[in-house]
Amino acid sequence: NDKLQWLKLNWRDPIAYQCADKYKVREFVENQIGKHYLNELYGVYDSVEEIDLDTLPEAFVLKATHGSGFNIICRDKSKMNWKKEFKVMRKWLKKNYTTSNQEWVYERITPRIICERYIEQENKEELRDYRFFCFNGEVKFISVDFSITNKEKTRRNIYDLNWNLMDVEITYPKEIKMNLPKPEKLDEMIFLSEKLSKNFPHARVDFYYIDRRILFGEITFFHQSGLGIVRPLEFEKEMGNWLRLPK
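Structure report, in brief. (Residues numbered from 1 in each chain as written. Predicted model: local features only at pLDDT ≥ 70, side-chain atom pairs only at ≥ 80, totals over all residues. Heavy atoms only, no water.)

Right, let's get into the packing of aromatic side chains. Summed over all chains, the structure comprises 22 aromatic pairs. Measuring from centroid to centroid gives 5.8 Å for Phe60 and Trp82, while their planes differ by 15 degrees, and the two rings are stacked. With Phe60 in strand 2 (residues 60-64) and Trp82 in helix 4 (residues 82-94), this residue pair connects regions lying 22 residues apart in the sequence. In this structure, Phe60 and Trp82 share a single accessibility class: buried. (Phe/Tyr/Trp six-rings, centres within 6.5 Å; stacked < 30°, edge-to-face > 60°. Helix = DSSP H or I, 4+ residues; strand = E, 2+ residues; numbered from the N terminus. Buried < 20%, exposed > 50% of the residue type's maximum accessible area, 1.4 Å probe, protein only.)

The next point concerns the pairing of strand 2. Sheet faces and side chains relate simply in a regular strand, where the side chains alternate between the two faces. Extensive coverage of strand 2 is indicated by the burial of 5 of its 5 residues. Side chains Phe60, Leu62 and Ala64 project from strand 2 onto one buried face, and the interleaved Val61 and Lys63 project onto a second face that is buried too. Direction of pairing for strand 2 relative to strand 3 (residues 71-74): antiparallel, over a ladder of 4 bridges. Bridging from a neighbouring strand, Lys63 pairs with Asn71 of strand 3. In sequence, strand 2 turns back onto strand 3 through a hairpin of 6 residues, with Gly69 there showing a positive phi of about 85 degrees. Where strand 2 meets strand 4 (residues 113-117), 5 bridges bridge the pair, whose relative direction is antiparallel. (Pairing = 2+ DSSP bridges.)

Right, let's get into the pattern of salt bridges. Any two side chains of opposite charge can pair, so long as their charged atoms come close to each other. This structure, assessed with the given rule, holds 18 salt bridges. With a shortest N-O distance of 2.6 Å, Glu175 and Arg155 are connected by a salt bridge. Within this pair, whereas Glu175 is found in the loop between strand 8 (169-170) and helix 6 (186-197), its partner Arg155 is found in strand 7 (residues 155-159), the two being separated by 20 residues in sequence. The partner of Glu184 in a salt bridge is Arg212, and the shortest N-O contact between them spans 2.9 Å. Of this pair, Glu184 sits in the loop between strand 8 and helix 6 while Arg212 sits in the loop between strand 9 (202-210) and strand 10 (213-220), placing them 28 residues apart in sequence. Judged by relative accessible area, Arg212 falls into the partly exposed class, the value being 43%. Here the salt bridges share partners, and the residues they tie into one network are Asp129, Arg131, Asp145, Arg156, Arg204, Asp206 and Glu218. (Salt bridge = Lys/Arg side-chain N within 4 Å of Asp/Glu carboxyl O.)

Written out as C-alpha cells, the structure reads:
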C-alpha cells in the first residue's frame with residue numbers, strides 16, 4: 001500500500017492514461033492480445049441524453065469511462081427507474097474521480113458513458129471477477145471476487161498460480177462454501193495478464209470467464225486506491241517486495 005501511494009505521486013506513464021479509460025482501453029487490448037477478448041460494445045455517449053433505450057436490448061450494462069464503480073446493471077430495461085438512473089449518470093459525468101483518490105490516471109479521460117453486453121455466469125451463478133495481480137509484468141497471485149455488484153456481500157478468494165486457495169485476505173472475507181474449480185484456461189489468462197501488464201511496475205488485470213470464453217474486464221493500477229486491508233500483514237510485505245519501484 002505504501003508503494004502504491006508512492007506510484008500515485010511519482011510514477012507517470014502516458015499508456016496508463018489510455019488503460020484507465022474504460023473506452024480507450026479497448027484499443028489497447030485489441031492491439032496487445034486481440035479483439036476477440038473484448039465484450040460487445042453497444043454504444044458510447046458523451047451525454048445521458050444521447051442514450052436511446054429503444055435501440056438497446058433488454059439487458060445491458062452502462063459504465064462511466066473516467067472512474068471506478070460507476071456501473072448500472074440492467075437485466076430488464078422495462079423494470080428500471082430510468083429517471084433515477086439517468087440522474088445518477090449525470091452525477092457521474094460531473095465527478096472528477098482524480099481529486100477524491102489522487103489517482104492521476106483518470107485526470108485526462110473525457111467523461112463518457114459506454115454500454116456493453118450484459119454477461120452472466122453459467123447456471124445463473126454469481127458473476128465471478130478473476131483478478132490477476134501483476135508485479136513488473138509477472139503474475140504473482142489471483143483473486144476471485146464474488147458478488148461484485150454488492151460490496152456488502154462481496155467475498156474474495158485468493159489463489160496461487162497452481163490454484164491453491166491461500167490463507168490470506170484483502171479487505172473481504174473468503175468464500176469458504178464454494179470450492180471453485182480451476183478454470184480450464186487459467187494458463188491463458190495468466191499469459192494474457194502478463195502481456196497486458198509487461199511495461200507497468202504494477203497492474204491488476206481483470207477477466208471474466210464465461211462458458212470457457214475469456215472476456216477482458218479492466219486494468220487497475222492502484223488496487224483499492226492503496227487502502228486495501230491485507231491479512232496477515234506479512235503478505236502485504238511480500239507484495240511490497242515484489243513491487244520494484246521505477247527509478
